[in-house]
Amino acid sequence: MKTIITGDRPTGKLHLGHYFGSLKNRVEMQYDYDTFILIADVQALTDNFENPDKVSNNVRQLALDYLAAGIDPKHSHIYIQSLIPEVAELTIYFSNLVSLGRLYRNPTTKYEIGQKKDIFGSKGESITYGFLGYPVSQAADITALDGDVVPVGDDQLPHIEQTREIVRKFNHIYGKTFKEPEAYLSSTPRIKGLDGNEKMSKSLNNAIYLADSEEEILKKVMSAVTDPQKIKKDDPANPDVCMVYYYHKLIDNNVESICRECKKGLRGCVACKKELAHALSEYLKPIQERRQYYEQHLDEVDNILKEGTEAARKRAQQVMIRVRQNMKLDYFENSRK
Ligand code: TRP
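Scope of this entry: the structure provided in the associated data block.

Procedures and definitions
- Residues numbered from 1 in each chain as written.
- Predicted model: local features only at pLDDT ≥ 70, side-chain atom pairs only at ≥ 80, totals over all residues.
- Heavy atoms only, no water.
- Phe/Tyr/Trp six-rings, centres within 6.5 Å; stacked < 30°, edge-to-face > 60°.
- Helix = DSSP H or I, 4+ residues; strand = E, 2+ residues; numbered from the N terminus.
- Buried < 20%, exposed > 50% of the residue type's maximum accessible area, 1.4 Å probe, protein only.
- Near = heavy atom within 4 Å.
- Polar contact = N/O pair within 3.5 Å; in protein donor to acceptor, adjacent residues only side chain to side chain.
- 1 Å grid on protein atoms, 1.4 Å probe; cavity = no way out; pocket = protein on both sides within 12 Å on 5 of 7 lines; lining within 4 Å.
- Points joined across faces, edges and corners; volume = space filled by probe spheres on them.
- Nonpolar A, V, L, I, M, F, W, Y, C, P; charged D, E, K, R; others polar.
- Pairing = 2+ DSSP bridges.
- Contact = heavy atoms within 4.5 Å.
- Patch = residues over 30% accessible without salt bridge, like charges linked within 9 Å, V, L, I, M, F, W, Y side chains within 5 Å.
- Areas by Shrake-Rupley, 256 points an atom, 1.4 Å probe, with all protein chains shown as cover.
- Salt bridge = Lys/Arg side-chain N within 4 Å of Asp/Glu carboxyl O.

Applying the stated criterion across every chain yields a total of 12 aromatic pairs. A centroid spacing of 6.3 Å and a plane angle of 80° characterise the contact between Tyr19 and Tyr283, whose relative ring orientation is edge-to-face. A residue pair is termed long-range when its members are at least 10 positions apart, and Tyr19 in helix α1 (residues 16-29) and Tyr283 in helix α14 (residues 269-295) qualify at 264 residues. The exposure class assigned to Tyr19 is buried, which follows from its relative accessible area of 9%.

Spelled out as C-alpha coordinates, the structure:
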(Lines give C-alpha, C1' and ligand atoms only; values in the text may rest on other atoms or scores of the structure.)
Protein backbone atom coordinates (compact mmCIF):
# COMPACT_ATOMS: atom_id res chain seq x y z
CA MET A 1 0.00 0.00 0.00
CA LYS A 2 1.27 3.47 -0.81
CA THR A 3 1.58 6.06 1.93
CA ILE A 4 -0.16 9.41 2.18
CA ILE A 5 1.44 12.18 4.22
CA THR A 6 -0.39 15.44 4.53
CA GLY A 7 -1.58 17.94 7.08
CA ASP A 8 -2.37 21.50 8.11
CA ARG A 9 -1.12 24.13 10.48
CA PRO A 10 -3.17 24.39 13.65
CA THR A 11 -3.95 28.11 13.46
CA GLY A 12 -7.74 28.17 13.09
CA LYS A 13 -10.85 26.33 12.03
CA LEU A 14 -10.99 24.63 8.64
CA HIS A 15 -13.27 26.07 5.95
CA LEU A 16 -14.79 24.99 2.64
CA GLY A 17 -11.53 25.89 0.89
CA HIS A 18 -9.70 23.27 2.94
CA TYR A 19 -12.52 20.78 2.51
CA PHE A 20 -12.91 20.92 -1.26
CA GLY A 21 -9.24 21.76 -1.84
CA SER A 22 -7.95 18.59 -0.21
CA LEU A 23 -9.69 17.31 2.91
CA LYS A 24 -12.46 15.61 0.91
CA ASN A 25 -9.79 13.84 -1.16
CA ARG A 26 -8.02 12.67 1.95
CA VAL A 27 -11.27 11.24 3.32
CA GLU A 28 -11.93 9.38 0.08
CA MET A 29 -8.36 8.14 -0.30
CA GLN A 30 -7.79 6.91 3.27
CA TYR A 31 -9.23 3.46 2.50
CA ASP A 32 -6.72 2.79 -0.27
CA TYR A 33 -3.57 4.29 1.29
CA ASP A 34 -1.66 4.07 4.51
CA THR A 35 -2.69 7.53 5.65
CA PHE A 36 -0.80 9.83 8.04
CA ILE A 37 -2.21 13.29 8.70
CA LEU A 38 -0.06 15.66 10.67
CA ILE A 39 -1.03 18.59 12.80
CA ALA A 40 1.86 20.90 11.89
CA ASP A 41 2.36 22.71 15.19
CA VAL A 42 6.10 23.26 14.61
CA GLN A 43 5.36 24.85 11.24
CA ALA A 44 2.54 26.93 12.75
CA LEU A 45 5.04 28.34 15.24
CA THR A 46 7.26 29.65 12.42
CA ASP A 47 4.94 32.64 12.07
CA ASN A 48 3.22 32.37 15.46
CA PHE A 49 6.24 31.98 17.69
CA GLU A 50 4.92 34.75 19.92
CA ASN A 51 1.53 33.03 20.30
CA PRO A 52 2.15 29.58 21.71
CA ASP A 53 -1.38 29.51 23.18
CA LYS A 54 -2.95 30.04 19.77
CA VAL A 55 -1.06 27.11 18.25
CA SER A 56 -1.54 24.84 21.23
CA ASN A 57 -5.28 25.53 21.52
CA ASN A 58 -5.83 24.84 17.85
CA VAL A 59 -4.25 21.37 17.90
CA ARG A 60 -7.39 19.69 19.26
CA GLN A 61 -9.61 21.97 17.17
CA LEU A 62 -7.87 20.75 14.03
CA ALA A 63 -8.17 17.14 15.17
CA LEU A 64 -11.91 17.76 15.67
CA ASP A 65 -12.21 19.22 12.17
CA TYR A 66 -10.44 16.19 10.69
CA LEU A 67 -12.59 13.69 12.54
CA ALA A 68 -15.73 15.69 11.74
CA ALA A 69 -14.87 15.77 8.04
CA GLY A 70 -14.68 12.00 8.00
CA ILE A 71 -11.05 11.14 8.64
CA ASP A 72 -11.56 7.74 10.20
CA PRO A 73 -9.09 6.81 12.93
CA LYS A 74 -9.51 3.15 11.96
CA HIS A 75 -7.97 3.98 8.60
CA SER A 76 -5.82 7.05 9.22
CA HIS A 77 -3.24 8.15 11.75
CA ILE A 78 -3.60 11.72 12.97
CA TYR A 79 -0.39 12.86 14.66
CA ILE A 80 1.33 15.88 16.17
CA GLN A 81 4.43 17.12 14.35
CA SER A 82 6.39 18.32 17.40
CA LEU A 83 6.20 14.87 18.98
CA ILE A 84 8.30 13.35 16.18
CA PRO A 85 11.85 14.55 17.01
CA GLU A 86 13.21 12.48 14.08
CA VAL A 87 11.62 15.06 11.77
CA ALA A 88 13.58 17.86 13.46
CA GLU A 89 16.78 15.84 13.03
CA LEU A 90 16.11 15.16 9.36
CA THR A 91 15.33 18.85 8.82
CA ILE A 92 18.85 19.71 9.93
CA TYR A 93 20.44 17.23 7.52
CA PHE A 94 18.25 18.51 4.69
CA SER A 95 19.11 22.14 5.45
CA ASN A 96 22.58 21.59 3.96
CA LEU A 97 21.04 20.67 0.63
CA VAL A 98 19.03 23.84 -0.02
CA SER A 99 20.43 27.23 -0.92
CA LEU A 100 19.02 30.42 0.55
CA GLY A 101 18.36 31.67 -2.98
CA ARG A 102 16.19 28.66 -3.68
CA LEU A 103 14.19 29.27 -0.50
CA TYR A 104 13.70 32.96 -1.33
CA ARG A 105 12.32 32.01 -4.77
CA ASN A 106 9.57 29.73 -3.41
CA PRO A 107 6.37 31.50 -4.58
CA THR A 108 4.23 30.35 -1.66
CA THR A 109 6.67 31.52 1.03
CA LYS A 110 7.20 34.73 -0.96
CA TYR A 111 3.45 35.41 -0.95
CA GLU A 112 3.19 34.60 2.76
CA ILE A 113 6.12 36.89 3.66
CA GLY A 114 4.24 39.68 1.84
CA GLN A 115 1.09 38.92 3.87
CA LYS A 116 2.97 39.12 7.17
CA LYS A 117 4.60 42.53 7.02
CA ASP A 118 3.86 43.02 10.72
CA ILE A 119 6.28 40.25 11.68
CA PHE A 120 8.72 40.08 8.77
CA GLY A 121 9.00 43.77 7.84
CA SER A 122 7.53 45.65 4.87
CA LYS A 123 10.15 44.26 2.50
CA GLY A 124 10.56 40.96 4.30
CA GLU A 125 13.84 42.25 5.74
CA SER A 126 13.14 40.66 9.14
CA ILE A 127 12.30 37.25 7.79
CA THR A 128 13.39 34.54 10.20
CA TYR A 129 15.57 31.56 9.49
CA GLY A 130 12.74 29.31 10.73
CA PHE A 131 10.04 30.72 8.47
CA LEU A 132 12.16 30.84 5.33
CA GLY A 133 13.20 27.27 5.99
CA TYR A 134 9.80 25.75 6.77
CA PRO A 135 9.59 24.07 3.34
CA VAL A 136 12.72 22.14 4.34
CA SER A 137 11.02 20.91 7.47
CA GLN A 138 7.95 20.07 5.37
CA ALA A 139 10.21 17.95 3.13
CA ALA A 140 11.29 16.14 6.31
CA ASP A 141 7.64 15.63 7.36
CA ILE A 142 6.96 13.84 4.10
CA THR A 143 10.15 11.82 3.71
CA ALA A 144 10.67 10.83 7.37
CA LEU A 145 7.56 8.67 6.97
CA ASP A 146 8.36 7.47 3.44
CA GLY A 147 5.45 9.38 1.91
CA ASP A 148 4.42 8.59 -1.67
CA VAL A 149 1.44 10.84 -2.17
CA VAL A 150 0.63 14.26 -0.70
CA PRO A 151 -2.98 15.43 -1.17
CA VAL A 152 -2.92 19.22 -0.81
CA GLY A 153 -4.28 22.45 -2.23
CA ASP A 154 -2.39 24.07 -5.10
CA ASP A 155 -0.58 26.58 -2.85
CA GLN A 156 1.48 23.63 -1.58
CA LEU A 157 2.84 22.59 -4.99
CA PRO A 158 6.08 24.63 -4.64
CA HIS A 159 6.79 22.83 -1.36
CA ILE A 160 6.31 19.41 -2.92
CA GLU A 161 8.60 20.40 -5.77
CA GLN A 162 11.16 21.57 -3.23
CA THR A 163 10.83 18.22 -1.44
CA ARG A 164 11.48 16.34 -4.67
CA GLU A 165 14.62 18.39 -5.32
CA ILE A 166 15.92 17.69 -1.82
CA VAL A 167 15.24 13.97 -2.26
CA ARG A 168 17.13 13.89 -5.57
CA LYS A 169 20.09 15.70 -4.09
CA PHE A 170 20.12 13.54 -0.95
CA ASN A 171 19.95 10.31 -2.97
CA HIS A 172 22.69 11.55 -5.27
CA ILE A 173 25.08 12.33 -2.43
CA TYR A 174 24.31 9.66 0.16
CA GLY A 175 22.86 6.90 -2.00
CA LYS A 176 19.25 5.99 -2.70
CA THR A 177 17.39 6.60 0.53
CA PHE A 178 14.08 8.27 -0.29
CA LYS A 179 11.47 8.15 -3.02
CA GLU A 180 10.22 11.31 -4.69
CA PRO A 181 6.74 12.06 -3.36
CA GLU A 182 3.97 13.30 -5.61
CA ALA A 183 1.36 15.97 -4.96
CA TYR A 184 -2.24 14.98 -5.46
CA LEU A 185 -4.61 17.80 -6.38
CA SER A 186 -8.40 17.70 -6.22
CA SER A 187 -10.49 18.75 -9.22
CA THR A 188 -10.97 22.04 -7.34
CA PRO A 189 -7.56 22.67 -5.80
CA ARG A 190 -8.44 26.27 -4.92
CA ILE A 191 -11.85 27.51 -3.74
CA LYS A 192 -12.94 31.11 -4.22
CA GLY A 193 -14.10 33.31 -1.36
CA LEU A 194 -17.57 34.77 -0.76
CA ASP A 195 -16.24 38.09 -2.08
CA GLY A 196 -15.14 36.53 -5.36
CA ASN A 197 -11.46 36.55 -4.40
CA GLU A 198 -9.52 33.68 -6.01
CA LYS A 199 -8.77 32.21 -2.60
CA MET A 200 -11.01 31.44 0.35
CA SER A 201 -8.97 32.35 3.40
CA LYS A 202 -9.34 33.25 7.03
CA SER A 203 -7.17 36.33 6.66
CA LEU A 204 -9.34 37.63 3.78
CA ASN A 205 -12.44 37.16 5.93
CA ASN A 206 -14.33 35.50 3.07
CA ALA A 207 -14.68 31.95 4.36
CA ILE A 208 -17.45 29.58 5.39
CA TYR A 209 -16.21 27.27 8.13
CA LEU A 210 -17.10 23.59 8.45
CA ALA A 211 -18.40 24.33 11.95
CA ASP A 212 -20.53 27.40 11.01
CA SER A 213 -24.16 27.31 12.18
CA GLU A 214 -27.06 27.72 9.74
CA GLU A 215 -27.51 31.36 10.89
CA GLU A 216 -23.84 32.17 10.34
CA ILE A 217 -23.93 30.56 6.93
CA LEU A 218 -27.06 32.51 5.95
CA LYS A 219 -25.50 35.79 7.09
CA LYS A 220 -22.34 35.11 5.11
CA VAL A 221 -24.10 33.88 1.98
CA MET A 222 -26.26 37.04 2.00
CA SER A 223 -23.04 39.02 1.55
CA ALA A 224 -21.77 36.88 -1.35
CA VAL A 225 -20.94 38.64 -4.60
CA THR A 226 -23.48 38.17 -7.41
CA ASP A 227 -23.65 39.41 -11.03
CA PRO A 228 -23.22 43.20 -10.70
CA GLN A 229 -25.31 43.72 -13.88
CA LYS A 230 -28.37 42.30 -12.19
CA ILE A 231 -30.21 45.14 -10.48
CA LYS A 232 -33.81 43.98 -10.17
CA LYS A 233 -35.06 40.64 -8.96
CA ASP A 234 -36.27 39.58 -12.41
CA ASP A 235 -33.34 40.84 -14.48
CA PRO A 236 -31.68 38.00 -16.39
CA ALA A 237 -28.13 37.42 -15.11
CA ASN A 238 -24.93 35.55 -15.77
CA PRO A 239 -24.43 32.75 -13.23
CA ASP A 240 -20.82 32.32 -14.28
CA VAL A 241 -19.81 35.54 -12.50
CA CYS A 242 -21.90 34.80 -9.40
CA MET A 243 -20.39 33.36 -6.21
CA VAL A 244 -23.79 32.01 -5.13
CA TYR A 245 -23.98 29.89 -8.27
CA TYR A 246 -20.33 28.92 -7.77
CA TYR A 247 -21.14 27.35 -4.39
CA HIS A 248 -24.36 25.75 -5.69
CA LYS A 249 -22.08 24.05 -8.22
CA LEU A 250 -19.53 23.10 -5.59
CA ILE A 251 -22.08 21.08 -3.62
CA ASP A 252 -23.93 20.04 -6.78
CA ASN A 253 -27.25 21.56 -5.74
CA ASN A 254 -29.95 21.77 -8.48
CA VAL A 255 -27.34 23.27 -10.75
CA GLU A 256 -29.11 22.94 -14.10
CA SER A 257 -32.42 24.49 -13.09
CA ILE A 258 -30.71 27.25 -11.09
CA CYS A 259 -28.56 28.15 -14.08
CA ARG A 260 -31.56 28.16 -16.47
CA GLU A 261 -33.77 30.22 -14.13
CA CYS A 262 -30.98 32.71 -13.41
CA LYS A 263 -30.30 33.29 -17.10
CA LYS A 264 -34.00 33.84 -17.80
CA GLY A 265 -34.52 36.23 -14.88
CA LEU A 266 -36.80 33.77 -13.12
CA ARG A 267 -34.72 33.63 -9.95
CA GLY A 268 -34.16 36.47 -7.47
CA CYS A 269 -30.80 36.63 -5.72
CA VAL A 270 -32.26 36.72 -2.21
CA ALA A 271 -34.24 33.52 -2.72
CA CYS A 272 -31.27 31.94 -4.43
CA LYS A 273 -29.02 32.83 -1.50
CA LYS A 274 -31.49 31.44 1.04
CA GLU A 275 -31.66 28.23 -0.94
CA LEU A 276 -27.86 28.03 -0.99
CA ALA A 277 -27.51 28.68 2.76
CA HIS A 278 -29.99 25.92 3.46
CA ALA A 279 -28.32 23.49 1.06
CA LEU A 280 -24.88 24.25 2.53
CA SER A 281 -26.16 23.64 6.06
CA GLU A 282 -27.63 20.32 4.97
CA TYR A 283 -24.37 19.45 3.26
CA LEU A 284 -22.39 20.20 6.43
CA LYS A 285 -24.84 18.48 8.77
CA PRO A 286 -23.13 15.05 8.93
CA ILE A 287 -19.79 16.82 9.46
CA GLN A 288 -21.21 18.89 12.32
CA GLU A 289 -22.90 15.88 13.90
CA ARG A 290 -19.60 14.02 13.98
CA ARG A 291 -17.93 17.11 15.46
CA GLN A 292 -20.53 17.23 18.22
CA TYR A 293 -19.88 13.58 19.04
CA TYR A 294 -16.13 14.11 19.37
CA GLU A 295 -16.54 17.38 21.28
CA GLN A 296 -18.38 15.33 23.88
CA HIS A 297 -15.69 12.61 23.82
CA LEU A 298 -12.44 14.58 24.04
CA ASP A 299 -10.68 11.67 25.79
CA GLU A 300 -11.29 9.64 22.66
CA VAL A 301 -9.76 12.45 20.58
CA ASP A 302 -6.67 12.47 22.79
CA ASN A 303 -6.31 8.71 22.44
CA ILE A 304 -6.60 8.99 18.66
CA LEU A 305 -3.81 11.60 18.68
CA LYS A 306 -1.61 9.53 20.98
CA GLU A 307 -2.03 6.38 18.89
CA GLY A 308 -1.51 8.25 15.64
CA THR A 309 1.62 9.89 16.97
CA GLU A 310 3.02 6.59 18.19
CA ALA A 311 2.48 4.99 14.77
CA ALA A 312 4.11 7.93 12.98
CA ARG A 313 7.06 7.96 15.34
CA LYS A 314 7.70 4.23 14.87
CA ARG A 315 7.87 4.72 11.16
CA ALA A 316 10.15 7.76 11.41
CA GLN A 317 12.51 5.84 13.69
CA GLN A 318 12.82 3.09 11.08
CA VAL A 319 13.49 5.56 8.29
CA MET A 320 16.11 7.40 10.34
CA ILE A 321 18.13 4.21 10.85
CA ARG A 322 18.47 4.09 7.06
CA VAL A 323 19.27 7.81 6.87
CA ARG A 324 22.03 7.65 9.50
CA GLN A 325 23.54 4.56 7.87
CA ASN A 326 23.65 6.24 4.47
CA MET A 327 25.06 9.44 5.97
CA LYS A 328 27.76 7.46 7.84
CA LEU A 329 26.41 8.62 11.19
CA ASP A 330 25.79 5.12 12.53
CA TYR A 331 29.06 5.02 14.48
CA PHE A 332 28.53 2.25 16.95
CA GLU A 333 26.43 0.14 14.60
CA ASN A 334 29.45 0.08 12.28
CA SER A 335 32.11 -0.77 14.84
CA ARG A 336 30.29 -3.95 15.82
CA LYS A 337 30.30 -5.26 12.26
N1 TRP B 1 2.20 23.67 4.70
C2 TRP B 1 0.98 22.98 4.97
C3 TRP B 1 -0.12 24.03 5.11
O4 TRP B 1 0.17 25.18 5.35
C5 TRP B 1 1.02 22.13 6.20
C6 TRP B 1 2.01 20.99 6.16
C7 TRP B 1 3.07 20.84 7.00
C8 TRP B 1 2.02 19.90 5.26
N9 TRP B 1 3.74 19.71 6.70
C10 TRP B 1 3.13 19.10 5.65
C11 TRP B 1 1.20 19.50 4.18
C12 TRP B 1 3.45 17.93 4.96
C13 TRP B 1 1.53 18.33 3.51
C14 TRP B 1 2.64 17.55 3.89
O15 TRP B 1 -1.28 23.72 5.02
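Now for the site of the ligand. What surrounds the ligand is a group of 14 residues, the closest being Arg9, Gln43, Gln138, Asp141 and Gln156. Residue Arg9 places a side-chain N or O atom 3.3 Å away from an oxygen atom belonging to the ligand. In the model, a nitrogen atom of the ligand is placed 2.9 Å from a nitrogen or oxygen of the Gln138 side chain. Elements with a minimum of two residues in the shell around the ligand: β1 (3-8) and α9 (134-143).

If a probe the size of a water molecule is rolled over the atoms, the empty space left behind becomes visible. Approximately 480 Å³ is the volume attributed to the second largest pocket. Considering each element in turn, the lining of the second largest pocket owes the most residues, six residues, to helix α4 (residues 85-95). Its residues assigned to classes, the lining of the second largest pocket shows 13 nonpolar, 10 polar and no charged.

Another point: the pairing of strand β3 (residues 76-80). Every regular strand shows the same layout, with side chains that alternate between the two sheet faces. Extensive coverage of β3 is indicated by the burial of four of its five residues. Judged from the five bridges that link them, strand β2 (residues 34-39) and β3 form a sheet pairing that is parallel. For Phe36, the partnering residue across the bridge sits in β3 and is His77.

Within the fold, Asp235 resides in the loop between α11 (214-222) and α12 (243-250). When its relative accessible area of 15% is taken as the criterion, Asp235 is described as buried. Within the structure, the side chain of Asp235 is placed 2.9 Å from the backbone nitrogen of Ile231, a separation counted as a polar contact. When residues no more than four places from it in sequence are discounted, the contact partners of Asp235 are Gln229, Lys230, Cys262 and Gly265.

The next subject is the environment of Gly7. Along the chain, Gly7 falls in strand β1. Owing to a relative accessible area of 23%, Gly7 belongs among the partly exposed residues under this scheme. With near-sequence residues (within four places) excluded, Gly7 lies in contact with Arg26, Ile37, Leu38 and Tyr66.

A cluster of nonpolar residues, Leu218, Met222 and Val270, forms a patch on the protein surface that exposes about 220 Å² of accessible area. For Leu218, the location among the structural elements is in helix α11. On the basis of relative accessible area, Leu218 is assigned to the partly exposed category, the value being 32%.

What follows deals with empty space enclosed by the protein. Within the structure shown, the criterion is met by one cavity of 30 Å³ or more. Of the voids in this model, the largest cavity is the one considered here, and its volume is about 110 Å³. What lines the largest cavity is a set of 15 residues, and nearest its centre among them are Thr226, Cys242, Cys262, Cys269 and Cys272. Among the secondary structure elements, those contributing two or more residues to the lining of the largest cavity are α12, α13 (255-264) and α14. Its residues placed into classes, the lining of the largest cavity shows nine nonpolar, three polar and three charged.

Another point: the pattern of salt bridges. For the structure on display, the rule yields 23 salt bridges. In this structure, the salt-bridge partner of Glu180 is Arg164, at a minimum N-O distance of 3.1 Å. With Glu180 in the loop between α10 (157-174) and β5 (182-184) and Arg164 in helix α10, this pair connects stretches of sequence that are 16 residues apart. When its relative accessible area of 21% is taken as the criterion, Arg164 is described as partly exposed. Lys232 is the salt-bridge partner of Asp235, the closest N and O atoms lying 3.4 Å from each other. By relative accessible area, Lys232 is classed as exposed at 52%. When salt bridges with common partners are traced through the structure, they connect Arg9, Asp47, Glu112 and Lys116 into a single cluster.

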